[in-house]
Amino acid sequence: MESFKKTLPWLLWAWIALVIVGAFFWAPPAKSFQGSSRILFFHVPIAWVSFLAFLTSGVQSLRYLYGGRDRRLDRSASAAVQLGLAFGVLATVTGALWARYMWGAYWNWDPRQTSILICLLFYAAYLALRASIEDGETRARLAASYAVLGLVVAPFLYFVMPRMAEFTLHPEPVVNAAGKVDMDGKMVQVLMASLVGFTALFFWMHNLCCRIEELGDRTTRSRR
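This one's a predicted model, so the numbers in the text were calculated from it and none came from an experiment.

A.B. asks: Can you walk me through the overall build of the protein chain in this structure?
C.D. replies: On a plain count of helices and strands, the protein chain comes out with six helices and zero strands. Along the protein chain, helices and strands appear, N-terminal first, in the series α-α-α-α-α-α. The buried share among the 224 residues of the protein chain stands at 41%. A fraction of 76% describes how many contacts in the protein chain between residues 6 or more apart in sequence connect residues 24 or more apart. For the protein chain, the exposed area adds up to about 12900 Å²; of that, 66% sits on carbon and sulfur atoms.

Now the structure itself:
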């Protein structure tokens, strides 16, 4: 069992390496993207992982508030927000690079660009809240309440707000308004593989972050 756990990270990196190869050498480019469609295989999964991280933080915070105030849940929520911000910034950067290529400017205040920026500011405030409170129990309780609010804020900003706009430069989602996937079969396969790989990467990184925070807590307690 221990040897299998050690093998998992190598399998994960091998999977992502195959995704990279597939993105550049197997899947055909999308004609409407003028040759810039390769970024789709990374931008979309990264954006999805950022949302998944924020969702994980809210769920773990809800469990913390109503499941016995377990410090492991608080650490899990905090780690998820940190990773969500990291992946959210990466999604913003990759989106800006694509925007520069397609629209001539890195930032256009497109509804999707604006909504993810607001979401990043919302969760940056979560970390600021945690940093401003010294008492551990109070910090965990207030941060958990804030993260639970994110269970409404994040879905609204990721999925609802961009669709409320009358006009957007951003292309349609992978699943369009008609409920169909308008994409070459090879592109779909690489994109799905990338989604699986980046999702697994998030959970692996989240586990590492939780263990690091636990070690930090133990060190802090031992010094008292």
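A.B. asks: Which parts of the structure should I look at to understand helix α5 (residues 136–164)?
C.D. replies: End to end, α5 covers 40 Å across 29 residues, agreeing with the expected 42 Å (1.5 Å per residue, within 8%). Most pronounced at L157, the bend in α5 amounts to some 45 degrees. Considered for burial, the residues of α5 that qualify are R139, A140, A143, A144, A147, G150, A154, L157, Y158 and P162. The inward-facing, buried residues of α5 abut α2 (40–66), α3 (71–103) and α4 (111–132).

A.B. asks: Whenever I open this one, the packing of α4 against α5 confuses me. Can you help?
C.D. replies: Packed helix pairs are specified by the crossing angle of their axes together with the interaxial distance, meaning the distance between the axes. Their axes nearest at 10 Å, the elements α4 and α5 cross at an angle of 180 degrees. Viewed along their axes, α4 and α5 adopt a mutual orientation that is roughly antiparallel. Classifying every residue of the contact of α4 with α5 by side-chain character gives 20 nonpolar, three polar and four charged.

A.B. asks: Help me out: how do you make sense of α3 in this one?
C.D. replies: Because an α-helix packs 3.6 residues into every turn, residues spaced three or four apart end up facing the same way. For α3, built from 33 residues, the straight-helix expectation of 48 Å at 1.5 Å per residue is met to within 8% by its first-to-last C-alpha distance of 46 Å. Of the residues trailing α3, G104 is marked for its positive phi of about 90 degrees.

A.B. asks: Sorry, what's going on with the side chain of H206 here?
C.D. replies: Tracing the sequence through the fold places H206 in helix α6 (residues 185–223). In this structure the side chain of H206 is engaged in a polar contact, spanning 2.9 Å, whose partner is the backbone oxygen of S76. Once you skip the residues sitting within four places of it in the chain, H206 turns out to touch T56, S76, A79, A80 and L83.

A.B. asks: Looking at this model, I keep getting lost on a nonpolar patch on the surface. Mind explaining?
C.D. replies: A contiguous nonpolar patch, built from I20, V21, F24 and F25 and spanning about 420 Å² of accessible area, is present on the exposed surface. Considering the arrangement of structural elements, one finds V21 in helix α1 (residues 2–25).

Quick notes on the rules
- Along every chain, residues carry numbers that run from 1 in the direction the sequence is written.
- Only residues with pLDDT of at least 70 get local features here, since the model is predicted, and only at 80 or more are side-chain atom pairs given and counted; chain-wide, interface and lining totals rely on the full set of residues.
- Side-chain measures were taken over the full set of non-hydrogen atoms in the model, leaving aside hydrogen atoms and water.
- By definition, any uninterrupted DSSP run of H or I lasting at least four residues is a helix, any uninterrupted run of E lasting at least two residues is a strand, and each is numbered from the N terminus.
- Residue exposure (1.4 Å probe, protein chains only): buried if accessible area is under 20% of the type maximum, exposed if over 50%, otherwise partly exposed.
- In this analysis, two residues are considered to be in contact whenever any of their non-hydrogen atoms come within 4.5 Å of each other.
- Method for areas: the Shrake-Rupley scheme with a 1.4 Å probe, in which residue coverage is limited to the protein chains shown.
- Helix span, expected: 1.5 Å multiplied by one less than the number of residues in the helix.
- Fitting axes to the seven residues ending at a residue and to the seven starting there, one defines the bend at that residue as the angle between these axes.
- Between the N-to-C directions of two axes lies an angle of 0 to 180 degrees, each axis being a line fitted to C-alpha atoms and, for a helix, fitted only over the stretch in contact.
- Each angle gets one of four labels, with under 35 degrees taken as roughly parallel, over 145 as roughly antiparallel, 65 to 115 as roughly perpendicular, and the rest as oblique.
- For this classification, Asp, Glu, Lys and Arg are treated as charged, while Ala, Val, Leu, Ile, Met, Phe, Trp, Tyr, Cys and Pro are nonpolar and the rest, including Gly, are polar.
- Residues adjacent in sequence count toward polar contacts only when both atoms are side-chain atoms; beyond that, a polar contact is any pair of N or O atoms within 3.5 Å, and within protein one must be able to donate a hydrogen and the other to accept it.
- Patches here: salt-bridge-free residues with over 30% relative accessible area, like charges joined within 9 Å, nonpolar side chains (Val, Leu, Ile, Met, Phe, Trp, Tyr) joined within 5 Å.
- Within this document, salt bridges are pairs made up of a side-chain nitrogen of Lys or Arg and a carboxyl oxygen of Asp or Glu, the two lying within 4 Å of each other.

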